[in-house]
Amino acid sequence: MAWSKSLARFTRKLLSKDNVNERTTTIDRNAASLERNARATLRKTLIVCGALAVVLILISIVAATMGSERLPVADLLRALFTGGTNTGALTATQRAILFDIRLPRILLAATVGASLAASGASYQALLRNALAEPYLLGISNGAAVGTMVALVFLGANEWTRPLMAFGGALAATFVVYRLARGRAGATPEKLILAGVIVTTFQSSAIVFITTLMDATRIRSFTFWLLGDLSQATPRSIWIAVVSTVVGVVALTLKARPLNLMMLGERDAFDLGVEVERVRLQVFLAASLLVGVSVALGGSVGYVGLVVPHLVRMSTSGDNRLTIPAAALAGASFVIVADTLARTVIAPRELPVGAITALIGAPLFIYLLKRR
Amino acid sequence: MLEAKNVSIDYGKRHAVVDVSLRVSPGDLMAIVGANGAGKSSLLRALNGTIRPSVGEILLDDKPLNSFSRRAVGRRIAVVTQEALLAFPVSVLEYVLGGRYAWSGSGTWGWESERDLEIAARVLRQTELENFSARLMNELSGGERQRAVLARALATEAGILLLDEPTANLDLAHQASMLQLVRAHCDERAAAAVIVTHDINLAAEFANNVVLLKGGHLIAAGKPRDVLTEELLSEVLEIKVLVDAHPLSGAPRITPAHELRR
């Protein structure tokens, strides 16, 4: 009970006018505040995540009002809180827009953002490099190949696509890890080269599969490859929500050993971490997140780079805080990017990946230069 | 408490360690001395299970090391290496608290307990880093960082410390104080330490047990006085050395006798 201790100290200070006593009190407090800044705590994590959750909810509500059909906030809130039974002044069309189009899309954007940001933070910790990112490492592309194989050869089903995407992401993760890994972690040069090799190899696979498609589908595929959240349906969204929650929770549970592995795998091993097992678990969870988000939303780039970086810079590098906070912030980030993508040149749309790359690529260059 | 039994380590065709047996007991500070490539670090790495011996076995409390979980080993054996390259900024306190990982339970939601914080505060005091807890590791000087590495090892409360050239980056005063700290840790807590070092004089002064390695073979083992002789050292290090008694401590003092070129 920190507050009761400080209360006791405060009363003691009030009762005794002893100067010496007062001085020790200030020293105590300085030591305590120093320690508080020196590390992340559960309290700090809950406060940061709580604040980010509030921001996420506000952004979602604003995003739901925006679009070709503007929905009044008051009516929208009433409709949401009554689960659609009391839609107030909303017309039937507006109601359909809200529940069948915008909400699934916002939920999908949130899950894609949360998945990519949380997996980005974990890849960075595992590869010990702040430049690691699912899109740049070719892992999103691996998931894309998996998705396309499922679509072209296995028939489009709500389950085969995410499953095959998961498999593709996992395969790409292992290849990149093998190629980029060195004794002191992955050097940026090796990492980027590994990403380029994996990406180009898979791009040719994508081109090959595309030639097997008929012309009408090709356009929608190119769009999807750059990140397209317009295909969200109320049914597919549940797969995304569940897998995102499972993946982010799994990564957060591995955050403490991941903290140690981030500083060196051998040291982590010495300190009692089952390095191989944790690595496999993190690979599985991160690949699940990337796979499902790509299967449903395409390859949205740079989210996994920008968001964890901002979270680390403004709060702490402790993964127990970074991973859940990055998930929440990433959700907000992609909702904003997608709202921009569907409104700036309305009635036409931009792929959401174009917006995130616009923000992410300059940051990537900055990070690369800063070293 | 920790024992190597007829341990050999091969890297492909190269034999790094050949049929070495040694044993450390509570209170022991054992120094492993030898030239570069004599197999010192490999042997040390085998003692905590990082490297698996090709032949022989490592026993911890008379049970095979493999039969312990990594966590259990992490609670019993701590390793101090030369300061590592850190890819991410981390505060000294966070770094030292890493030593508490093997003790983490389910009661604190994966966060450090009050006891973990108390232990961290204690070892930071012992290593004279109490005012550095909020500083970032990569802002520290080489010597301060090396002390933080030792602090993390002490924070594990392990009964066995394995140190791989822990004094390499330290100035004279801090070399001695680091070994004094390890010595005191062994004496007060009935802990054992195995230290790989090139600094034979420090080994002579602080160790109660010295092992000489050459080309992976154990040449001699025993009290510093018996092992650190001109004959044995000249053979192991392949350089002529003079050994006399340190004027203050009486411990063997080793001086390399270079053939001076003019």
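Residues numbered from 1 in each chain as written. Chains lettered and ligands numbered in written order. Predicted model: local features only at pLDDT ≥ 70, side-chain atom pairs only at ≥ 80, totals over all residues. Heavy atoms only, no water.

1. Concerning the overall build of chain A
Here is step 1: Within chain A, the regular secondary structure consists of 16 helices and 0 strands.
Here is step 2: Across the 371 residues that make up chain A, the buried fraction comes to 50%.
Here is step 3: Accessible surface, chain A as shown: approximately 17500 Å² in total, 67% of it carbon and sulfur. (Helix = DSSP H or I, 4+ residues; strand = E, 2+ residues; numbered from the N terminus. Buried < 20%, exposed > 50% of the residue type's maximum accessible area, 1.4 Å probe, protein only. Areas by Shrake-Rupley, 256 points an atom, 1.4 Å probe, with all protein chains shown as cover.)

2. Description of the overall build of chain B
Here is step 1: Counting secondary structure elements, chain B contains 9 helices and 12 strands.
Here is step 2: Taking 262 residues into account, the globule formula puts the C-alpha radius of gyration at 18 Å, and chain B, at 19 Å, falls close to it.
Here is step 3: Counting only C-alpha atoms and orienting by the principal axes, one finds that chain B spans roughly 60 × 40 × 35 Å.
Here is step 4: For chain B, the accessible area works out to roughly 11900 Å², and carbon and sulfur atoms hold 49% of it.
Here is step 5: Side chains of chain B give 29 positive and 32 negative charges; the mean places of these two sets differ by 3 Å. (Rg over C-alpha atoms; globule rule 2.2 N^0.38 Å. Lys, Arg positive; Asp, Glu negative; His and termini not counted. Charge placed at Lys NZ, Arg CZ, Asp CG, Glu CD.)

3. What about the confidence of the model for chain A?
Here is step 1: Summarising the model, chain A shows a mean pLDDT of 83, and 87% of its residues fall at 70 or more.
Here is step 2: Contacts from residues 10–34 of chain A, a stretch scored under 50 in pLDDT, to residues over four places away or in other chains number 6 contacts. (pLDDT = per-residue confidence, 0-100. Contact = heavy atoms within 4.5 Å.)

4. A short note on the nonpolar core
All names here are of chain A.
Here is step 1: Within the largest apolar cluster, 105 residues are counted, with the highest numbers of intra-cluster contacts made by Leu-108, Leu-137, Val-273, Val-303 and Val-307.
Here is step 2: The element best represented in this core is helix H5 (residues 92–127), accounting for 15 residues.
Here is step 3: Ignoring sequence-local partners within four residues, the contact set of Val-303 consists of Gly-113, Leu-116, Ala-117, Glu-133, Pro-308, Phe-333, Val-334 and Thr-356. (Core = buried A, V, L, I, M, F, W, Y, C linked by side-chain atoms within 4.5 Å.)

5. Observations concerning the sheet that holds strand S10 (residues 217–222) of chain B
Residues and elements named next belong to chain B.
Here is step 1: Pairing within the open sheet is mixed, and its 6 strands lie in the order S6-S7-S8-S3-S9-S10. Only two strands of the sheet have a single partner each, and these edge strands are strand S6 (77–80) and S10. In this sheet, neighbouring strand axes are inclined to one another by 15° on average, regardless of whether the strands run parallel or antiparallel.
Here is step 2: In this structure, strand S9 (residues 209–214) lies alongside S10, joined through 5 bridges in antiparallel fashion. In the strand pairing of S10, Val-210 is matched with Gly-222.
Here is step 3: Each of strand S3 (29–34), S9 and S10 is contacted by helix H9 (residues 230–237), which is oriented at about 40° to S9, the strand it contacts most. (Pairing = 2+ DSSP bridges. Axes fitted to C-alpha atoms, helices over the stretch in contact; angles between N-to-C directions.)

6. Points about the packing of helix H4 (residues 73–81) of chain A against H5 of chain A
Residues and elements named next belong to chain A.
Here is step 1: Packing of H4 against H5 brings their axes to within 12 Å, and their N-to-C directions diverge by 90°. The pairing of H4 with H5 is recorded here as roughly perpendicular in orientation. Contacts from Leu-76, Ala-79 and Leu-80 in H4 reach Leu-98, Phe-99 and Leu-103 in H5.
Here is step 2: The residue makeup of the contact of H4 with H5, split by class, is 6 nonpolar, no polar and no charged. (Parallel < 35°, antiparallel > 145°, perpendicular 65-115°, else oblique. Nonpolar A, V, L, I, M, F, W, Y, C, P; charged D, E, K, R; others polar.)

7. Some details on the sheet that holds strand S4 (residues 55–60) of chain B
Here is step 1: Here we have 4 strands laid out as an open sheet, ordered S2-S1-S4-S5 (chain B), and antiparallel in their pairing. The outermost strands of the open sheet, each flanked by one partner alone, are strand S2 (14–24) and strand S5 (63–64) of chain B.

8. Focus: helix H13 (residues 275–297) of chain A
In an α-helix, one full turn covers 3.6 residues, which means residues spaced three or four apart are oriented alike.
All names here are of chain A.
Here is step 1: Taking 1.5 Å of rise per residue, the 23 residues of H13 would be expected to cover 33 Å, and the 32 Å separating its terminal C-alpha atoms lies within 8% of that figure.
Here is step 2: With respect to burial, H13 is a largely interior element, 17 of its 23 residues being buried.
Here is step 3: Directly beyond the C-terminal end of H13, a positive phi value near 80° is found at Gly-298. (Expected span 1.5 Å × (residues − 1).)

9. Some details on the packing of helix H11 (residues 255–262) of chain A against helix H15 (residues 319–343) of chain A
Residue and element names in this part refer to chain A.
Here is step 1: One can describe the packing of H11 onto H15 by two numbers: an axis separation of 8 Å at closest approach and a directional angle of 115°. The orientation of H11 with respect to H15, classified from their angle, is roughly perpendicular. Here Ala-255, Arg-256, Leu-258, Asn-259 and Met-262 of H11 come into contact with H15, specifically with Asn-319, Arg-320 and Ile-323.
Here is step 2: Of the residues that constitute the contact of H11 with H15, the class distribution is 4 nonpolar, 2 polar and 2 charged.

10. So, helix H10 (residues 234–253) of chain A
Residues and elements named next belong to chain A.
Here is step 1: Along its 20 residues, H10 runs 29 Å from first to last C-alpha, staying within 8% of the 28 Å computed at 1.5 Å per residue.
Here is step 2: Residues Ser-236, Ile-237, Ile-239, Ala-240, Val-241, Ser-243, Thr-244, Gly-247, Val-248 and Leu-251 constitute the buried set of H10.
Here is step 3: Here the buried face of H10 lies against H5, helix H7 (160–180), H11, H13 and H15.

11. Some thoughts on the pattern of salt bridges
Here is step 1: With the rule as written, the count across this model stands at 20 salt bridges over all chains.
Here is step 2: The shortest N-O distance in the salt bridge between Arg-45 of chain B and Asp-270 of chain A comes to 3.1 Å. Here Arg-45 of chain B, found in helix H1 (residues 40–47), pairs with Asp-270 of chain A, found in helix H12 (residues 265–270), and the two come from separate chains. (Salt bridge = Lys/Arg side-chain N within 4 Å of Asp/Glu carboxyl O.)

12. With respect to the side chain of Thr-339 of chain A
Here is step 1: In this fold, Thr-339 of chain A is placed in helix H15.
Here is step 2: Residues within four places of Thr-339 of chain A in sequence aside, it is in contact with Ala-63 and Met-66 of chain A.

13. What about unusual backbone geometry?
Residues and elements named next belong to chain B.
Here is step 1: Although it is not a glycine, Asn-6 sits at a positive phi angle of roughly 45°.
Here is step 2: By the element assignment, Asn-6 lies in strand S1 (residues 2–11).
Here is step 3: In this model, Asp-19 sits at a positive phi of 45°, which is unusual for a non-glycine residue.
Here is step 4: Its location among the elements puts Asp-19 in strand S2.
Here is step 5: Overall, Asp-19 belongs to the partly exposed group, its relative accessible area being 46%.

14. A closer look at the packing of aromatic side chains
Here is step 1: Applying the stated criterion across every chain yields a total of 3 aromatic pairs over all chains.
Here is step 2: Seen in terms of ring centroids, Tyr-135 of chain A and Tyr-302 of chain A are 6.1 Å apart; in terms of plane orientation they differ by 50°. Their pairing is tilted. With Tyr-135 of chain A in the loop between H5 and helix H6 (139–153) and Tyr-302 of chain A in the loop between H13 and helix H14 (303–314), this residue pair connects regions lying 167 residues apart in the sequence.
Here is step 3: Tyr-135 of chain A sits in the partly exposed class, given a relative accessible area of 31%.
Here is step 4: Plain terms: the ring middles of Tyr-177 of chain A and Phe-283 of chain A are 5.3 Å apart, the flat faces sit at 75° to each other, and that makes the pair edge-to-face. Highlighted residues: Tyr-177 of chain A in helix H7 and Phe-283 of chain A in helix H13, separated in sequence by 106 residues.
Here is step 5: For Phe-283 of chain A, a relative accessible area of 2% gives the class buried.
Here is step 6: Within the aromatic cluster, the residues linked to one another by ring pairs are Phe-174, Tyr-177 and Phe-283 of chain A.
Here is step 7: Positioned above the aromatic ring of Tyr-101 of chain B, the side-chain terminus of Arg-71 of chain B is 4.8 Å from the ring centre.
Here is step 8: Taking the ring centre of Trp-103 of chain B as reference, the NZ or CZ of Arg-75 of chain B above it sits at 5.5 Å. (Phe/Tyr/Trp six-rings, centres within 6.5 Å; stacked < 30°, edge-to-face > 60°. Lys NZ or Arg CZ within 6 Å of the ring centre and 35° of its normal.)

15. Describing the pairing of S4 of chain B
Residue and element names in this part refer to chain B.
Here is step 1: With 5 bridges joining them, S1 and S4 adopt antiparallel strand pairing. The residue bridging Lys-5 from the neighbouring strand is Glu-57, located in S4.
Here is step 2: In this sheet, S5 lies alongside S4 in antiparallel orientation, the contact comprising 2 bridges. Paired with Leu-59 across the two strands is Pro-64, which belongs to S5.
Here is step 3: Between S4 and S5, which follow one another and run antiparallel, lie 2 residues, and Asp-61 among them has a positive phi close to 50°.

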